[in-house]
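If you want the building blocks of each chain, they are given just below.
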Amino acid sequence: MGAIIKREVSAYFTSAIAYVVMAVFFLFSGMFFWNMLYYDSSNLIIVFSSMFMVTLCVLPMLTMKLLSDEKRQKTDQALLTAPISVWQIVLGKFISAEIIYLCCMAIYIPMTLVVACFTAPQWGIILCNLIGMFLLGSSIIAIGVFISSLTESQVIAAVAGIATGFFISMLDNISAAIGVDFVTAIISWISFMTRYQNFYSGIFNIADAIYFLSVIGLFLFLTTRVIDRKRWS
Amino acid sequence: MVEVKNLVKKYGDHTALDNVSFTAEAGEILGFLGPNGAGKSTTMNIITGYISSTSGTVTVDGCEILDDPTGAKSKIGYLPEIPPLYIDMTVRKYLEFMFNLKKVRLPKKEHIDEVCAVVKIKDVQNRLIKNLSKGYKQRVGLAQALLGNPPVLILDEPTVGLDPKQIIEMRNLIKGLGKKHTVILSSHVLSEVQATCDRVIIINQGKLVADSKTSSLSDTLSSSSSLLLRVIGSPSGVMSALKAVEGVVRVEKGAQVSEDGCYEYVITTDKDNDPSKGIFYAMAKNNSPIVLMRSNELSLEEAFLRVTEPVASVSRKGGKR
């Protein structure tokens, strides 16, 4: 697993993907941060809440080639005939994308420090936000890994991943448009937005954390099934 | 070393492998021969655990591929038909990655150096794989299979796409490897199997049709041998003279070879009674000079066609039923 993580992380940096994703992430974070400062605010929640959709739509770029390219280049034969399990392969891929995501999130360290220069930051709320953002991003990465396992084309994986991210971020608007009570109830239960809102409001609800962790677990599990299914068919 | 028992692989209604069983002993180079689409790659993919079989077992050095996949896989070095190379890595980085992936417990630097020396890729170590020629890519693929000195090497068409010089080099390399490893190699080129393998298995339409020593393959498949003859002289006189020679079973007249009345004859001979001398004297007596006489032994090529054809007709019958 360590070998896969090491290879994938270095592949992210030898191709342009890591730089592009980080640049887009920094650009939007910086824009929202500048906006916050412009209105004489030190409330980082503005940044975190605005990043919801950006996170969902940018991170699929990290996962688009993780498994699709392996199939296209036939390198999956090397992985699947090596003495490691399918779980180790999938986890290795997932963790390598997570590492790049953490590099993206590192931008919040200087931002927090800037805020700390002006006012005493509410560390609890910031920490809660960071955890929420990490769980949100990890979930879309897990979904992206799953989508990547379904196709051999990274373009399809990217488009499907971004579309999924966009759909998830629009889910609440859709349910509002439908306006049927029980549909709204179901959608607000599975909605990433509702869960994430708690985090950026500074409420650490263990149920929300478990929800995101379940999404991650479920999609990674489905990915291992997809890989195995191909071998058994 | 490698034991394959009653392997069956079905893709829906299509049977890719039908009850294939064979074993490869330690230190043996086993050739896996068959026309395209016969099921060679499928068998190899099953042995290496890349895909699963519908039924049947594969045991590699005592480890069953389904019960102990990690144990079995760690004993196999696999070079698939298309070498599994990450084209955006340098050769050295790639081999280091594969070394870690396979969890090899040998001194890393020395071992990779050693493998690079064996397949002669030392001078391209720091180049990106995507910039290498096909021959070098193939060697990097082989290097990857050799990492960790696995007791079993499985090579799927290792010489495809190489130039004649590289093919000879690759064959010699494989022969050398056969001393230390059990090698199973597949090919649809017969001369290649003839040149490298101790034993050959012929597979056709998913069925095993022959399993014998390379040296005895053409012998076991033919009960009589034949001679090819070119003689100048009137065909009818030559024919009757040839038929009279002891040991000649059948004479077939071939095409005219040149203007001066030289014809080709294929003579089926009795295996235990070589008529060459008799033919020489008979032709001398007939005043018909022999321009060429050589043994027309059944080549592996013909043997191959002979064993693969009956199966084809059997399966056609099966289709009608």
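All of the points below concern the structure found in this document. Per-chain numbering applies: the sequence of each chain, read as written, is numbered from 1 onward. Each chain is given a letter, starting from A, and each ligand a number, starting from 1, according to the order in which they appear as written. Only residues with pLDDT of at least 70 are given local features in this predicted model, and only at 80 or more are side-chain atom pairs given and counted; all residues enter the totals for whole chains, interfaces and linings.

1. What about the overall build of chain B?
Then, in step 1: Along chain B, the regular secondary structure elements total 11 helices and 14 strands.
Then, in step 2: Over its C-alpha atoms, taken along the principal directions, chain B stretches across nearly 75 × 55 × 30 Å.
Then, in step 3: Exposure in this text rests on C-beta crowding, where 20 or more other C-beta atoms within 10 Å of a residue's own make it buried, 12 or fewer make it exposed, and counts in between make it partly exposed. The C-beta atoms are placed from the backbone. Here chain B holds 321 residues, and 37% of them are scored as buried.
Then, in step 4: By sequence separation, contacts in chain B at least 24 residues apart represent 70% of the contacts at least 6 residues apart. Helix numbering and strand numbering both begin at the N terminus, where a helix is a DSSP run of H or I of at least 4 residues and a strand a DSSP run of E of at least 2. C-beta atoms are first placed from the backbone for all residues, and any pair lying within 7 Å is then listed as a contact.

2. Details of the overall build of chain A
Then, in step 1: Within chain A, the secondary structure is distributed over 13 helices and zero strands.
Then, in step 2: Beginning at the N terminus, the succession of helices and strands in chain A can be written as α-α-α-α-α-α-α-α-α-α-α-α-α.
Then, in step 3: Based on C-alpha atoms, the radius of gyration is set beside the globule rule, defined as 2.2 Å times the residue count to the power 0.38. Relative to the compact-globule value of 17 Å for 233 residues, chain A shows a C-alpha radius of gyration of 19 Å, a close match.
Then, in step 4: Looking at chain A residue by residue over its 233 residues, the buried ones come to 41%.
Then, in step 5: Sequence-distant contacts in chain A: of pairs separated by 6 or more residues, those separated by 24 or more amount to 79%.

3. A word on the nonpolar core
Note on soluble globular proteins: their nonpolar side chains tend to be buried together.
Then, in step 1: As used here, a nonpolar core is made of buried Ala, Val, Leu, Ile, Met, Phe, Trp, Tyr and Cys residues. They are joined through C-beta atoms within 7 Å. One finds A142 and V145 of chain A to be the most contacted residues of the largest nonpolar core, which totals 123 residues.
Then, in step 2: For this core, the element with the highest residue contribution is helix α9 (residues 123–150) of chain A, accounting for 11 residues.
Then, in step 3: The contacts of A142 of chain A, once residues within four sequence positions are left out, are F94, V215, I216, F219 and L220 of chain A.
Then, in step 4: Counting residues in each nonpolar core, the second largest holds 10 residues, with L229, V238, L242 and I279 of chain B among its members.

4. Considerations on the sheet that holds strand β14 (residues 290–295) of chain B
Residues and elements named next belong to chain B.
Then, in step 1: Strands sit in the order β12-β13-β11-β14 across an open sheet of four strands; the sheet is antiparallel. Edge positions in the sheet fall to β12 (248–258) and β14, since each has one partner strand and no second. Strand-to-strand twist in this sheet, taken as the mean axis angle between neighbours without regard to direction, amounts to 15 degrees.
Then, in step 2: Paired strands, as defined in this entry, are two strands with at least two bridges between them according to DSSP. Pairing geometry for β12 and strand β13 (residues 262–269), over seven bridges, is antiparallel. Following the sheet pairing, R250 is matched in β13 by T268.
Then, in step 3: Axis lines are fitted to C-alpha atoms, over the contacting stretch for helices. Their N-to-C directions set the angle, which ranges from 0 to 180 degrees. Lying over the sheet, helix α9 (residues 235–244) contacts β11 (225–232), β12 and β13, oriented at roughly 155 degrees with respect to β12.

5. Describing the sheet that holds strand β4 (residues 55–60) of chain B
Residues and elements named next belong to chain B.
Then, in step 1: Strand order in the open sheet formed by four strands is β2-β1-β4-β5, with antiparallel pairing between adjacent strands. One side of each edge strand has no neighbouring strand; the edge strands of this open sheet are β2 (14–24) and β5 (63–64).
Then, in step 2: Sheet topology note: the strand β1 (residues 2–11)/β2 ladder contains seven bridges and is antiparallel. Residue pairing in the sheet places E3 in a bridge with T23 of β2.
Then, in step 3: Together, β1, β2 and β4 form the strand contacts of helix α1 (residues 40–47), whose direction differs from that of β1 by roughly 120 degrees.

6. A word on the pairing of β1 of chain B
It is a general feature of regular strands that their side chains alternate between the two faces of the sheet.
All names here are of chain B.
Then, in step 1: For β1 and β4, the ladder comprises five bridges, and the chain directions are antiparallel. If you follow V8 over to β4, its bridge partner there is S55.
Then, in step 2: The turn linking β1 back onto β2 is made up of two residues, and G12 within it adopts a positive phi angle of 65 degrees.

7. Comments concerning the interface of chain B and chain A
Then, in step 1: Between chain B and chain A, the residue contacts involve 24 residues of the former and 19 residues of the latter.
Then, in step 2: Elements represented by at least two residues in the side of chain B that touches chain A include exactly α2 (69–73), β6 (76–79) and α3 (91–101) of chain B.
Then, in step 3: Sort the elements by how many residues they give to the side of chain B that touches chain A and α3 of chain B lands first, with four residues.
Then, in step 4: In this count, Pro and Cys sit with the nonpolar residues alongside Ala, Val, Leu, Ile, Met, Phe, Trp and Tyr, while Asp, Glu, Lys and Arg are called charged and the others, Gly among them, polar. Of the residues belonging to the side of chain B that touches chain A, the class tally is 13 nonpolar, seven polar and four charged.

8. Some details on the environment of L44 of chain A
All names here are of chain A.
Then, in step 1: Looking at where L44 falls in the secondary structure, it is placed in the loop between α2 (17–38) and α3 (45–58).
Then, in step 2: Residues L44 and G132, spaced 88 residues apart in sequence, show a C-alpha to C-alpha distance of 13 Å.
Then, in step 3: For L44, the contacting residues outside a window of four places in its chain are M111, T112, V115, I126 and N129.

9. Thoughts on helix α4 (residues 108–119) of chain B
All names here are of chain B.
Then, in step 1: How far a helix is expected to stretch is found by multiplying one less than its residue total by 1.5 Å. Here α4 spans 17 Å end to end across 12 residues, near enough to the 16 Å set by a 1.5 Å rise per residue.
Then, in step 2: Within α4, burial applies to I112, V115, C116 and V119. All buried residues of α4 fall inside an arc of 100 degrees around its axis, so they share one side. Along α4, exposed side chains directed more than 90 degrees from the buried face belong to E110 and A117. By arc we mean the arc of the directions from the helix axis to the C-beta atoms, nothing more.

10. Brief notes about the packing of α9 of chain A against helix α13 (residues 206–232) of chain A
All names here are of chain A.
Then, in step 1: Closest axis-to-axis distance for the α9/α13 pair is 9 Å, and the angle between their directions is 15 degrees. Relative to α13, α9 is oriented roughly parallel. In the packing of α9 onto α13, the handedness of the crossing is left-handed. On α13, the residues touching L135, L136, S138, S139, A142, I143, V145, F146, S149 and L150 of α9 are A209, F212, V215, I216, F219, L220, L222, T223, V226 and I227.
Then, in step 2: By residue class, the composition of the contact of α9 with α13 is 16 nonpolar, four polar and no charged. Throughout this description, any angle smaller than 35 degrees is read as roughly parallel, any larger than 145 degrees as roughly antiparallel, any in the 65 to 115 degree range as roughly perpendicular, and the remainder as oblique. With the far helix as reference, a near helix turned anticlockwise by less than a right angle produces a left-handed crossing, and one turned clockwise produces a right-handed crossing.

11. Observations regarding the pairing of β14 of chain B
Residue and element names in this part refer to chain B.
Then, in step 1: In terms of burial, β14 is largely open, as just zero of its six residues are buried.
Then, in step 2: Sheet topology places β11 next to β14; five bridges connect them, and they run antiparallel. Along β14, the bridge assignment pairs L228 with R294.

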